[in-house]
Amino acid sequence: MKRKIIALALCIALMALCAAVAEKAGTKVFQLGTSVFTVEIPDSFVEGERTEEDIADDQVAYMHSPDTLLDFDVYQFGKEGYPEKLADFAKEEAEEYNATEIVTEGNINGIDAAWYRAVETYDDAEYTTLTYALEDGDQYVEIVFWLDGENAEQEAQAIIDTLTFVTR
């Protein structure tokens, strides 16, 4: 009887380990520009085309997935010409976009962050966006989730919940 209980416990532990590995197997680490930050995104995400205008606007990545309606942009730029403090920068950006749900002194996994929700227009259609701003030394990094779809907000939350520093 004791051996059966031990064998059952080992089977359960092995199944839990396999489930954890399988859950992670569907994701990949994505670095936010050249910053010290990464997130985990589903394997289905691929880099999309950026226009000259996007690049001039400091967009360093546009990611999308055929499996989801969630897209996101990554911006990285120097602080010159912007407020020095992350909270002040986020307030200024939020005002520019008539944002709601503004958090200027947030924290994600031990990383100082700010975020806000806005409505932006693209190709004559309006989309709700959720923008997270991070500070990397003398630069700001933004990740802008375009919430187009039923589960987009949950998918964006799952991605930002994996925010961490690059391990070098």
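This is a predicted model, so every value here is computed, not measured. (Residues numbered from 1 in each chain as written. Predicted model: local features only at pLDDT ≥ 70, side-chain atom pairs only at ≥ 80, totals over all residues. Heavy atoms only, no water.)

1. Examining the overall build of the chain
Within the chain, the regular secondary structure consists of four helices and 10 strands. In the chain, the succession of α and β elements from N to C terminus is α-β-β-β-α-β-β-α-β-β-β-β-α-β. Out of the 168 residues belonging to the chain, those deemed buried represent 37%. Long-range contacts, defined here as pairs at least 24 residues apart, represent 45% of the contacts in the chain between residues at least 6 apart. (Helix = DSSP H or I, 4+ residues; strand = E, 2+ residues; numbered from the N terminus. Buried < 20%, exposed > 50% of the residue type's maximum accessible area, 1.4 Å probe, protein only. Contact = heavy atoms within 4.5 Å.)

2. With respect to helix 4 (residues 152-160)
Looking at helix 4, one finds that the buried residues are Ala152, Ala156, Ile159 and Ile160. Around the axis of helix 4, the buried residues are gathered within 90° of arc, so they sit on the same side. Those residues of helix 4 that are buried lie in contact with strand 2 (37-42), strand 5 (70-78), strand 6 (100-108), strand 8 (125-136) and strand 9 (139-147). (Arc of directions from axis to C-beta.)

3. So, the pairing of strand 7 (residues 111-122)
The sheet contact formed by strand 6 and strand 7 spans five bridges and is antiparallel. Bridging from a neighbouring strand, Val103 pairs with Trp115 of strand 7. Here strand 6 folds back onto strand 7, and the loop between the two strands holds two residues, one of which, Asn109, carries a positive phi near 55°. As paired strands, strand 7 and strand 8 are joined by 10 bridges and run antiparallel to one another. By the bridge assignment, Tyr116 is partnered in strand 8 with Thr131. (Pairing = 2+ DSSP bridges.)

4. Some points on the pairing of strand 2
Across five bridges, strand 1 (residues 27-31) lies against strand 2 in antiparallel orientation. In the sheet register, Lys28 faces strand 2, and the bridge partner there is Ile41. Here strand 2 pairs with strand 10 (residues 164-165) via two bridges, running antiparallel. Within the sheet, the bridge partner assigned to Phe37 lies in strand 10 and is Phe165.

5. Quick word on the sheet that holds strand 1
The three strands are arranged 1-2-10 in an open sheet whose pairing can be described as antiparallel. Lying at the two open borders of the sheet, with one neighbouring strand each, are strand 1 and strand 10.

6. A closer look at the nonpolar core
The biggest cluster of nonpolar side chains holds 27 residues, and the ones touching the most others in it are Phe30, Leu32, Phe72 and Phe145. Excluding residues that lie within four positions of it along the chain, Phe72 makes contacts with Phe30, Ile41, Phe45, Ala61, Tyr62, Met63, Ile143, Val144, Phe145, Trp146 and Ile159. By size, the runner-up hydrophobic cluster in this structure holds 10 residues, among which are Tyr75, Tyr140, Val144 and Trp146. (Core = buried A, V, L, I, M, F, W, Y, C linked by side-chain atoms within 4.5 Å.)

7. Comments concerning the pattern of salt bridges
One side chain can pair with another of opposite charge once the charged atoms of both are near each other. Evaluation of the coordinates by the stated rule reveals four salt bridges. Note that Lys79 is salt-bridged to Glu135, the shortest N-O span being 2.1 Å. Of this pair, Lys79 sits in the loop between strand 5 and helix 3 (86-96) while Glu135 sits in strand 8, and the two are 56 residues apart along the sequence. By relative accessible area, which is 8% here, Lys79 ends up buried. (Salt bridge = Lys/Arg side-chain N within 4 Å of Asp/Glu carboxyl O.)

8. A few points about the sheet that holds strand 4 (residues 59-64)
The seven strands are arranged 3-4-5-9-8-7-6 in an open sheet whose pairing can be described as antiparallel. Edge positions in the open sheet fall to strand 3 (46-47) and strand 6, since each of these has one partner strand only. Pairing of strand 8 with strand 9, which is carried by eight bridges, proceeds in the antiparallel orientation. Pairing of Glu135 across the sheet is with Tyr140, part of strand 9.

9. Remarks on the environment of Ala156
Tracing the chain through its elements places Ala156 in helix 4. Sequence-distant contacts of Ala156, defined by excluding residues within four places in its chain, comprise Leu70, Phe145 and Leu147.

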